[in-house]
Amino acid sequence: MKTYPLYLNGQWVKTQKTIRVVNPSTTEVVAEVCTVDRAAVAQAVKDAHVAFAGWRALTGKARGAHLNKIADELEKRRDEIARVITLENGKPLAQSAGEIGMSVDHLRWFAEEARRAYGRIVPHQADGKRHLVVKTPMGVVAAIGPWNFPLVLAVRKIAPALAAGNTVILKPASATPVCAVLFAECVDAAKLPKGVSQLVAGSAREFAQEFLDNPLCRKITFTGSTEVGKELIRGAANQVKPLSLELGGHAPVLVFEDADLDAAVEGAMITKFRNTGQSCIASNRIYVQRGIYEKFLDKFVQQTRALKTGDGLEDGVSVGPLINEEGLTKALEHIQDATQRGARLLCGGKRLKRQGYFLEPTVLADVPAGAACMSEETFAPVAALAPFDTEAEAIERANASPYGLSAYAFTRDLRRTFRLMEQLESGMIGINDGVPTTSQCPFGGVKQSGWGRELGIEGMDAFLETKHVSLGLGI
């Protein structure tokens, strides 16, 4: 079993204390990663601050060239790193490879965006003045990543921050830190200046407090639960520290009678079971118009039963294990709660009798609004379905949540499409599309699903300060 070091100020650092990485398919320890204490994180912030002056002075083209070199290294090691993601996260190997591909695409997108941190000249309203709006980097950025997409959601933070001219310290999730180490190896191979991109591992609470308290850390970007996001908001108040927060979701899917039924079933399957349902944009509530409800259920259940569940390294597996025992227990509790409230269990519903944290892909029909899974994120391969009658009812039920990260709808009515675009309370909406995320468009939510946006031009702007310069020229 290998023990991986950390990447601090351009050096590989080994320590005595480590965290163990568990394969959720086998419950076996597959690796150890070194950890550091809060004092080491404070030093990393200091080193990043020192590196900032030189990094920001590079042209956007030069910073973009570094990002492209990192992307090149990732592509060279695609198979190796994909296997590591599967070992520590459990997702099917094909999905891990897809995560590598999306990470490469993010890096290349922001490599190009580094050239385009545009300001503007604003027409003056007083004689003798001229007005400029300029964009400048913020400084040291702390990036705190999640375990469910451990590489791509880290890259989604690191790439735009670096492209904008900031320096970055990544703190990966303790459950899935190995792919972050391998990414740091790609950074090292790309020969970024020391201190520009660093990797720390250890206590999430201690590190977050250091990032919040340290005035040299100018921004925190975080993906995780809404509860932790609220703690960061409270902690950021002391220094009015900027935050980017991608938090919880509870995505609805609306399937209308005019939809292409087969396409709607296929799309709903993707929104629900991709990444074993452990995705912040996964569908949690599937509402189907009553006229096609039973037909949809028949097709959906048939396809769910055909899913192969198992170790992500096995051929043909499309659903892996849950990340840990806690996640599995919560999913089983949601299933039990729904059935006790009158929901029909059409398939699945049980823990698989094998080593690991496996749950049978589950379909629940006629799930009442009061069931826990209709208001809480299940984060598991559990599909909860209910019928609706009218478009107005569907929109009202879709919006009846404190979350608003993503929403999906299937319809062939163009007029309805525009009504849904305007009325659904969500930062991202997939119409006849179960995979709406793409590098060139903003990713983020409304309500309690977070602050700010990642990806797109908005993702770059999140790491830039906007300054107005008024020139008194006396013309």
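Our subject is the structure listed above.
Below you will find a few notes about this structure. (Residues numbered from 1 in each chain as written. Predicted model: local features only at pLDDT ≥ 70, side-chain atom pairs only at ≥ 80, totals over all residues. Heavy atoms only, no water.)

A look at unusual backbone geometry
Residue Lys191 is not a glycine yet carries a positive backbone phi of 60 degrees. Turning to its location among the elements, Lys191 is positioned in the loop between helix H6 (178-189) and strand E10 (197-199). With a phi close to 60 degrees, Thr276 is a non-glycine residue in the positive phi region. Mapped onto the elements, Thr276 comes out in the loop between helix H9 (261-273) and strand E14 (283-289). Classification of Thr276 by relative accessible area gives buried; the value is 1%. (Helix = DSSP H or I, 4+ residues; strand = E, 2+ residues; numbered from the N terminus. Buried < 20%, exposed > 50% of the residue type's maximum accessible area, 1.4 Å probe, protein only.)

With respect to the environment of Thr466
Following the sequence through the fold, Thr466 ends up in strand E23 (residues 464-472). Look past the residues within four positions of Thr466 in its chain and what remains in contact with it is Val133, Val134 and Lys135. Polar side-chain contacts of Thr466 include one of 2.9 Å to the side chain of Lys135. (Contact = heavy atoms within 4.5 Å. Polar contact = N/O pair within 3.5 Å; in protein donor to acceptor, adjacent residues only side chain to side chain.)

Here we look at the sheet that holds strand E1 (residues 2-4)
Strand pairing in a sheet is mediated by backbone hydrogen bonds. Such pairs are either parallel or antiparallel. One open sheet accounts for three strands, arranged E1-E5-E4; its pairing is mixed. Strand pairing shows two members of the sheet lacking a second neighbour, E1 and strand E4 (18-23), which therefore form its edges. If you compare each strand with its neighbour and ignore which way they point, the axes differ by 30 degrees on average. Sheet topology note: the E4/strand E5 (residues 28-34) ladder contains six bridges and is antiparallel. In the sheet register, Ile19 faces E5, and the bridge partner there is Val33. Across the sheet, helix H3 (residues 78-89) lies against E4 and E5, angled at about 90 degrees from E4, the strand it touches most. (Pairing = 2+ DSSP bridges. Axes fitted to C-alpha atoms, helices over the stretch in contact; angles between N-to-C directions.)

A few points about the sheet that holds strand E17 (residues 382-388)
Spatial strand order, E15-E16-E17-E14-E13-E19-E20: seven strands in an open sheet with mixed pairing. Of all strands in the sheet, those with a lone pairing partner are strand E15 (344-347) and strand E20 (428-431), marking the two edges. Averaged over all neighbouring strand pairs, the angle between strand axes comes to 20 degrees, with direction disregarded. Across five bridges, strand E13 (residues 251-255) lies against E14 in parallel orientation. Residue pairing across strands places Leu254 opposite Tyr287, the latter belonging to E14.

Brief notes about the pairing of strand E12 (residues 243-246)
Residue alternation in E12 divides its side chains into two sets, Leu243 and Leu245 and Ser244 and Glu246, and both sets are buried. Where strand E11 (residues 217-223) lies against E12, four bridges are found, and the strand directions are parallel. Bridged to Thr223 within E12 is Glu246. What joins E11 to E12 is helix H8 (residues 226-236), and the crossover it makes is right-handed. As defined by bridge partners, E12 adjoins strand E22 (residues 450-451) across two bridges and the pair is classed as antiparallel. Pairing of Glu246 across the sheet is with Gly450, part of E22. (Right-handed = clockwise from strand over helix to strand, strands pointing away.)

Remember, this is a structural readout, not a statement about activity or role.
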